[in-house]
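Secondary and tertiary structure notes
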Amino acid sequence: MTVTMPGYYERFRCLASACRDNCCRTGWEIVVDEGTVDYYRTLPEPQRSRILSALGRDGEGDAYIRPENGQCPFLTERGLCGLVLELGEEHIGEICALHPRYREWFPDRMEIGVGLCCEEAARLILSDPEPCDFVSYLTDAEEDEEPLPLYPPLLALRDRLFEIVRDRARPLTLRWAEALRLTQAAQRAINENRLPDPACDPDTLSAVPTPWQTVLAALLDAHLEMETLEPEWGRTLGELRENLEALDWPGFFAALGERAYEYEHLTVYLIFRYFLKASFDGDALGRLRQAVGMVLTIAALGAWQWQQTGRFSLADQIEAARQYSKEVEYSDDNMETLAEAFLFEEALSLPHLLGLLEG
């Protein structure tokens, strides 16, 4: 089996108590695997009852840690994990041990990375001005023999998408447009119950000229329907939506200059993490449209901050992307809300997106 990861993956180190937005303070309900729960049941009293009393069961029967005052009840005053200090790192739940790392399995490969919601991961993803590369190595793990017909062509198509998005000879908007047209051609084949040809030509769908304000308004309206973790996040979205007509969108990108590569990095991150999941459900175009929409929204938040303060540093970009990921990417409900917006909002349809990007 092949293991593939971004080039920055092995440089990741958790900041622990030095982290400014400790993942144990997110208010998330973190699922605990049953093997770990079973271990907690073997502990002596009163330790056993104290730990088990902090766990609940969700609607699907999974055990999870119940947050207290917006944070994990096991978090110490020094910002460290009390369970690790008390029991050792080997006795915390799998999700806690893995986060912010993620893993995705496909027939002949496992793909691993670090999630954008973590400030140190976001720094690694965004800081390098060079195009993101990937590293692979072989293991002796057995491959999955269950057929997944869409996987081979979509894997090859994803390689083409990476080439397009990382081609800095053209503006990022045109790279996004070509990637969308190419994926639209593949999606047509999938919709007709054919395997897509990774070497196909981009689709020639007619674009509908669309102002950036129209697309951003639809994106922001979708985000304003989402659940929020931090009230300030919702207020910022609302202020941006109310003042959208006054946003200096072109001026922001002119001021950003060569740092537009940061949005390239975000696009590559989202394609790497999510595009191949279309091997299971066939929604290749939906995943790419959503990735472009997410990056556009992060850029709009950056433009608003720049317009309000007159500056937008790399550190500001890292924080904007991290917060977006925490609020949206790491919420299944919010990601579903965004997916529905791309299904039903005309302004977010492919012709309108192309009209914006190619205009």
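In short, a report on the structure.

Counting 99 residues, the largest nonpolar core has Leu154, Leu216, Leu247, Trp249, Tyr263 and Leu296 as the members making the most contacts within it. A total of 15 residues in this core trace back to one element, the largest contributor, which is helix H13 (residues 284-309). When near neighbours in sequence (up to four residues on either side) are disregarded, Trp249 contacts Trp212, Leu216, Leu296, Ala299, Ala300 and Ala303. Counting 14 residues, the second largest nonpolar core, distinct from the first, contains Val32, Leu55, Ile65 and Cys72.

Moving on: the sheet that holds strand S4 (residues 63-65). Strand pairing in a sheet is mediated by backbone hydrogen bonds. Such pairs are either parallel or antiparallel. The 3 strands are arranged S2-S4-S3 in an open sheet whose pairing can be described as antiparallel. Looking along the sheet, the strands with just one partner apiece sit at the ends: strand S2 (30-32) and strand S3 (55-57). The average undirected angle you get between the axes of adjacent strands in this sheet is 45°. Here S3 runs beside S4; their pairing, made up of 3 bridges, is antiparallel. Pairing of Arg57 across the sheet is with Ala63, part of S4. Lying on the sheet, helix H1 (residues 34-41) is in contact with S2, S3 and S4; it crosses S3 at an angle near 130°.

The next subject is helix H5 (residues 119-127). Where burial is concerned, most of H5 is hidden: 7 out of the 9 residues are buried. Taken as a whole, H5 has its buried residues at Glu119, Glu120, Ala121, Ala122, Leu124, Ile125 and Leu126. The inward-facing, buried residues of H5 abut strand S6 (109-114), helix H11 (261-274) and helix H14 (314-329).

The next point concerns unusual backbone geometry. In this model, Glu45 is joined to Pro46 through a cis peptide bond whose omega is 0°. Take Pro46: it is sitting in the loop between H1 and helix H2 (47-52). One non-glycine residue, Asn69, lies in the positive phi region at around 55°. Its location among the elements puts Asn69 in the loop between S4 and helix H3 (82-87). Non-glycine residue Asn193 carries a positive phi angle of around 60°.

Cut-offs applied
- Residues numbered from 1 in each chain as written.
- Predicted model: local features only at pLDDT ≥ 70, side-chain atom pairs only at ≥ 80, totals over all residues.
- Heavy atoms only, no water.
- Core = buried A, V, L, I, M, F, W, Y, C linked by side-chain atoms within 4.5 Å.
- Buried < 20%, exposed > 50% of the residue type's maximum accessible area, 1.4 Å probe, protein only.
- Helix = DSSP H or I, 4+ residues; strand = E, 2+ residues; numbered from the N terminus.
- Contact = heavy atoms within 4.5 Å.
- Pairing = 2+ DSSP bridges.
- Axes fitted to C-alpha atoms, helices over the stretch in contact; angles between N-to-C directions.

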